[in-house]
Amino acid sequence: ADATFCRVCGTKRTEITEAPLGPGESPTAIDAEAGSNDAADAAANSDVDAIADTNADADTSAEGEATANSEVSKLLEQIEFLKKQLEAAGAMPVELVELSVAEAEMKKAVQRLMEGDEAAEKDLERWDRCIQIHPDYIKRKEDEARRWKERERPLCEAALRRQRSLTPLEIADKSTDMLI
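Please read these numbers as outputs of a predicted model, since none were measured by experiment.

Topic: helix 6 (residues 135–166)
Okay, step 1: Look at helix 6: 45 Å from first C-alpha to last across 32 residues, which is about the 46 Å you get at 1.5 Å a residue.
Okay, step 2: Roughly 40 degrees is the biggest bend found in helix 6, and it falls at Glu 152, with proline Pro 154 one to four residues downstream.

What follows is the structure, given as structure tokens:
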């Protein structure tokens, strides 16, 4: 068995090289089952590159406009293909909507669920997933974490200074074995 590392989380795993893959199995399919998003990441990166190339090379002529329309069509096809891949892997693609709309829809789903509508659970999960990956929500959470650190840092530093003032200096340099 050869030791390798997971491309997703970096943990060590072993692959048994002696066992052949079954019919219809491929290393790519196995990685997809394990949650690997390399194909989706690569496709997304190629979409971004294509958009950047389209914007950089945009021409005001009719030929340039036709090329841009062709590129847009290809990108839309690529997006649909990626959505179908997500659905095939058991994940539902989430549409990008305004964060306030997603939060309002989630509140409605919570209300319906609390009223006994069990079908609302699926909507709740969908809107929660949409909110969790929304760029504005992520930025909001990062800002909250940054403000929390700024607010708590002086308190933590004061607590550390206080703790250090209570600990005798001769104990700070000793190991547990030496103190017992």
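What follows continues from the structure just given.
Structural notes on helix 4 (residues 99–114)
Okay, step 1: The terminal C-alpha atoms of helix 4, which comprises 16 residues, lie 22 Å apart, in line with the 22 Å expected from a rise of 1.5 Å per residue.
Okay, step 2: Along helix 4, the positions that sit buried rather than exposed are Leu 99, Ala 102 and Ala 109. The buried side chains of helix 4 occupy one side of the element, clustering within an arc of 85 degrees when seen end-on. With respect to the buried face of helix 4, the exposed residues turned more than 90 degrees away are Ser 100, Lys 107 and Met 114.
Okay, step 3: On its buried face, helix 4 sits against helix 5 (120–132) and helix 6.
Okay, step 4: Where helix 4 ends, the next residue or the one after it, Gly 116, has phi of about 105 degrees, a positive value.

Each value, and the rule that gives it
- Residues numbered from 1 in each chain as written.
- Predicted model: local features only at pLDDT ≥ 70, side-chain atom pairs only at ≥ 80, totals over all residues.
- Heavy atoms only, no water.
- Helix = DSSP H or I, 4+ residues; strand = E, 2+ residues; numbered from the N terminus.
- Expected span 1.5 Å × (residues − 1).
- Bend = angle between axes of the 7 residues up to and from the residue.
- Buried < 20%, exposed > 50% of the residue type's maximum accessible area, 1.4 Å probe, protein only.
- Arc of directions from axis to C-beta.
- Contact = heavy atoms within 4.5 Å.

Shape descriptors only; they carry no functional weight alone.
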